[in-house]
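# Residue-level structure breakdown
What follows is the residue order along each chain.
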Amino acid sequence: MKAGLALVLVGLFGLMVHSAAALVVPARFLPDVGLLLVVAVALSVRSPVLGVLFAVLFGYTTDLLSGTLLGQHVLLRLGVYGVARVVSARINLRGPLPLALFVLILSVIHACALWALAAFFLPGGVVAPGVLGDLVPHAVANALLAPVVTALVAALVRRLGDDDTGRPLRLEPRELLS
Amino acid sequence: MAETRNRVSLTLLVVALVGVATVTMVVDRRALRDGTRELPAWAGGLLDVAAPVQRALALPVDFVRGAWGRTIALMDVERENAELRSGIARLEEENLQLREALVAGGQLARIAEMRQDFEVPMLPAQLVGSDVSPWFRSVLLDRGRSDGVRSGMPVISEQGLAGLVVATSRSAAKAMLLLDRQTAFDATVQRSRARGIVRGRGDDTLHFEFVARGSDVRPGDVVITSGLDGVHAKGLRVGTVTDVEPPGSKLLRTATLAPAVDFGRLEQVFVMLRRGPTLEFLYTTDSGDDVHPPHTAAAGP
C-alpha cells in the first residue's frame, strides 16, 4: 500500500518535472519518463493487477500533459507493460546493458505505434522526415536512463513494500514437511 | 484453480481497460473536432494540480533564462535604441500619411467605431509545461475556465499567432501550437492576397499549401490568418515564406514557412477571449456558458 502510494506520487511528480523540463530542453533529448516508469513497474512490482493500474494512471497523465487524444498513451502503456512482463519472464533484464538494449528497441516500437494510432485517429498523420530523425536521440536517452529509473523504482518498492515484492523467496521447511 | 481465476480476472481487466481507452479516444476525437473539449472534473483536477507544481518547477529555470536574456539584451541595447529611433520616425511619418489619406476619404470616424466592435479582450497566461511526447507540440497554460478560457480560443504572443486552446480545466488549459501536425487553418499572403492552408509538420517549420494557378507566393512574403476558417481572427501574423516548391503539373503547391513566433523562447502568451464565429455558433447549442473574463489585459501581436 505504502509502496503503491509512493510510486503514484513519484510517477506523477516525475511526469510534471518532465513537462516543465520540456520548456527548456528540446523534447527529442528528453527521455520518456512515463514509458520508463511503466517498464520499471513491470520489472519491480510483482502484482500484475497493480502494474496494469499503474500503467493506466501514468498513461492517462501523459495524455493530459500531451497533445495526444485521451486514451492514446493508456493503450500504449498497457502494451509496454505487457511486453516488458513477457520479455522479462524469458530474458534476464536485470543488468543495465540488456535493459538499456530492450528499452532502446521498445522506444522505437512505441514511437511507431504512437504514429500509427495518431495516423488512424487524427488528421495530418504523415510524419515529417525531421521528426523521424528525432527518434534516435530520444530512444538513446530512454535507454541511458532506463537502468537508473528501474533501480530507483525497485529500491522504492523494496524499502516501502509490504508485500513480498523484490524480496528473496524463503521456503519454510516445517510447512513443507507437514 | 486460483491461478486460473486470477489469470481470467486479469485478462478481463485488461480487456475492459483497453475498451475504455478506445472509447475515450473516440469520444475525445469527436470533442476535439467539434471544439467542445472540456476536461471532466476528475481529469481536470489532475491538470489543476499539475499547473501550479509545474509553475514552481519552472521558476528557477525562468530565473536563469531571464538573467541570461537580460545580460545579452543589455549588450545590444545601444544598437537597438538607434534602430528603434529610426523605426519610430519612419512609422510616425507613415502614420501621418495614412491619417491624411483617411481624413481625405472621410473614413476615420467609421474606422474608429469599427475598432470598438472588433477589439478582443486578451488574457495574459504563463507557459508552465510543454508536451511530454516529442511527437506532439502542445503547452500547458496556467489559466483555465475560471479565468474565462475555453476550447477554441486562439493563443498569441507579441510576435504573432502561437496556437489554439484545445482543452481546459478549472485553472489550467492545454494549447496546441501551430507546429503540431494536427494544426490546419486558412491563411493569406499579405502582399499578394494569395490564399491557402497552413499546416503544422511536427518540426520547427510550417507548410503553406496554395492553388498553383494564379497565386503569387515568393520567399520573404509574410503570411497572416485570413479569418475565413471561423476560428482565428483575421490578420494575425503566422510566418514568413522561406522556400517555395517549384511550379510543376500539380494543382497545389507548397511553401515552407518560418513561424513568426519563436517557440523555443515562448514564456508568456495571450489568450484571445473570443472564439471564432463557427465555434461560438457551436457553443450556443449547449449550456450557453458565456465567457466573462475576470482579468483581462489589452495587448496584441
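In this text, all values refer to a predicted model and were calculated from it rather than measured experimentally. (Residues numbered from 1 in each chain as written. Chains lettered and ligands numbered in written order. Predicted model: local features only at pLDDT ≥ 70, side-chain atom pairs only at ≥ 80, totals over all residues.)

### Looking at the overall build of chain B
- Regarding its fold elements, chain B presents 4 helices and 12 strands.
- In chain B, the proportion of contacts linking residues at least 24 apart, taken out of those at least 6 apart, comes to 62%. (Helix = DSSP H or I, 4+ residues; strand = E, 2+ residues; numbered from the N terminus. Contact = placed C-beta atoms within 7 Å.)

### A word on the overall build of chain A
- From N to C terminus, chain A includes 7 helices and 0 strands.
- Along its sequence from the N terminus, chain A presents helices and strands in the succession α-α-α-α-α-α-α.
- Taken across its 178 residues, chain A has 46% of its residues classed as buried. (Buried ≥ 20, exposed ≤ 12 C-beta atoms within 10 Å, placed from the backbone.)

### Considering the interface of chain B and chain A
- Contacts between the two partners involve 42 residues from chain B, matched on the other side by 43 residues from chain A.
- At the level of secondary structure, the elements contributing two or more residues to the side of chain B that touches chain A comprise helix H1 (2-34), helix H2 (41-105), strand S1 (122-130) and strand S2 (138-141) of chain B.
- A total of 11 residues in the side of chain B that touches chain A trace back to one element, the largest contributor, which is H1(B).
- When grouped by side-chain class, the residues that make up the side of chain B that touches chain A number 23 nonpolar, 9 polar and 10 charged. (Nonpolar A, V, L, I, M, F, W, Y, C, P; charged D, E, K, R; others polar.)

### Notes on the pairing of S1(B)
All names here are of chain B.
- Counting buried positions along S1 yields 7 of 9 residues, so the element is predominantly enclosed.
- Bridge count between S1 and S2: 3 bridges; the pairing is antiparallel. Counterpart to serine 130 in the pairing with S2 is valine 139. (Pairing = 2+ DSSP bridges.)

### Comments concerning the sheet that holds strand S4 (residues 160-168) of chain B
Residue and element names in this part refer to chain B.
- Within the closed barrel, the 6 strands sit side by side as S1-S2-S5-S4-S3-S12. Their pairing is antiparallel. Strand-to-strand twist across the sheet, computed as the mean angle between neighbouring axes with direction ignored, equals 45 degrees.
- With 5 bridges connecting them, S1 and strand S12 (residues 268-272) associate as antiparallel partners. Residue alanine 125 lies in a different strand from S12, and its bridge partner there is valine 269. (Axes fitted to C-alpha atoms, helices over the stretch in contact; angles between N-to-C directions.)

### Some thoughts on the sheet that holds strand S6 (residues 184-189) of chain B
All names here are of chain B.
- The strand order S6-S7-S8-S11-S10-S9 describes a closed barrel built from 6 strands, whose pairing is antiparallel. Pairs of neighbouring strands in the sheet enclose a mean axial angle of 40 degrees, with direction left out of account.
- Note: strand S8 (residues 206-211) against strand S11 (residues 252-259), 6 bridges, orientation antiparallel. Across the sheet, residue valine 211 finds its bridge partner in S11, namely leucine 252.

### A look at the confidence of the model for chain A
- Overall, the prediction assigns chain A a mean pLDDT of 85, with 86% of residues at 70 or greater.
- In this model residues 166-171 of chain A is a low-confidence stretch, pLDDT under 50, and it forms 6 contacts with partners more than four residues away in sequence or in other chains. (pLDDT = per-residue confidence, 0-100.)

### As for the pairing of S8(B)
Residues and elements named next belong to chain B.
- Judged by which residues are buried, S8 turns out to be one-sided: Leu206, Phe208 and Phe210 face inward and are buried, whereas His207, Glu209 and Val211, on the alternate face, are not.
- The pairing of strand S7 (residues 195-200) with S8 spans 5 bridges and is antiparallel. The partner of glycine 200 across the bridge, within S8, is leucine 206.
- The antiparallel pairing of S7 with S8 creates a hairpin that spans 5 residues between the two strands, and glycine 202 there sits at a positive phi of about 90 degrees.

### Comments concerning the nonpolar core
- Counting residues in each nonpolar core, the largest one holds 114 residues, and the members touching the most others are Val38(A), Val39(A), Ala175(B) and Val271(B).
- In terms of residue count, the dominant contributor to this core is helix H2 (residues 33-44) of chain A (10 residues). (Core = buried A, V, L, I, M, F, W, Y, C linked by C-beta atoms within 7 Å.)

### Focus: the packing of helix H1 (residues 2-21) of chain A against H2(A)
Residue and element names in this part refer to chain A.
- Closest axis-to-axis distance for the H1/H2 pair is 9 Å, and the angle between their directions is 155 degrees. Classified by the angle their axes make, H1 and H2 are roughly antiparallel. The element H1 and its partner H2 pack so that their crossing is right-handed. For the pair formed by H1 and H2, the contact residues are Leu7, Gly11, Gly14, Leu15 and His18 on the first element and Val33, Gly34, Leu37 and Val41 on the second.
- Along the lines of polarity and charge, the residues of the contact of H1 with H2 split into 5 nonpolar, 4 polar and no charged. (Parallel < 35°, antiparallel > 145°, perpendicular 65-115°, else oblique. Left-handed = near helix turned anticlockwise from the far one by under 90°.)

### A closer look at the confidence of the model for chain B
Residues and elements named next belong to chain B.
- On average, residues of chain B score 80 in pLDDT, and 82% of them reach the 70 mark or higher.
- Contacts of residues 284-301 to residues separated by more than four positions or lying in other chains number 33 contacts, the stretch itself having pLDDT below 50.
- Both confidence scores are given for the complex: pTM 0.77, ipTM 0.79.

### Describing unusual backbone geometry
Residues and elements named next belong to chain B.
- A positive phi is found at arginine 193, a non-glycine position, where the angle reads about 65 degrees.
- Locating arginine 193 in the fold gives a position in the loop between S6 and S7.
- In this structure arginine 193 comes out as exposed when scored by C-beta crowding, with 10 C-beta atoms within 10 Å.

### Quick word on helix H5 (residues 96-121) of chain A
- With 26 residues, H5(A) should reach 38 Å at 1.5 Å per residue; the first-to-last C-alpha distance of 36 Å fits that figure.
- Residues of H5(A) that are buried: Leu99(A), Phe102(A), Val103(A), Leu106(A), Ser107(A), His110(A), Ala111(A), Leu114(A) and Ala118(A). (Expected span 1.5 Å × (residues − 1).)

### What to know about the environment of Met153(B)
Residue and element names in this part refer to chain B.
- Take methionine 153: it is sitting in the loop between S2 and strand S3 (154-157).
- We classify methionine 153 as buried; it has 25 C-beta atoms within 10 Å.
- Taking C-alpha positions, methionine 153 is 8.0 Å from histidine 232, a pair spaced 79 residues apart along the chain.

### A look at the packing of helix H4 (residues 72-90) of chain A against H5(A)
Residues and elements named next belong to chain A.
- Contact geometry of H4 with H5 gives a least axis separation of 11 Å together with a crossing angle of 150 degrees. When the axes of H4 and H5 are compared, the pair comes out roughly antiparallel. Of the two elements, H4 crosses H5, and the hand of that crossing is right-handed. From H4, Gln72, Leu76, Gly79, Val80, Val83 and Val87 reach across to H5, where they touch Phe102, Leu106, His110, Ala113, Leu114 and Leu117.
- Among the residues forming the contact of H4 with H5, the class breakdown is 9 nonpolar, 3 polar and no charged.

### Overview of H2(A)
Residues and elements named next belong to chain A.
- The terminal C-alpha atoms of H2 lie 16 Å apart, and with 12 residues this matches the ideal 16 Å at 1.5 Å per residue to within 8%.
- With 12 of 12 residues buried, H2 lies mostly within the body of the structure.
- Within H2 the residues assigned to the buried category are Val33, Gly34, Leu35, Leu36, Leu37, Val38, Val39, Ala40, Val41, Ala42, Leu43 and Ser44.

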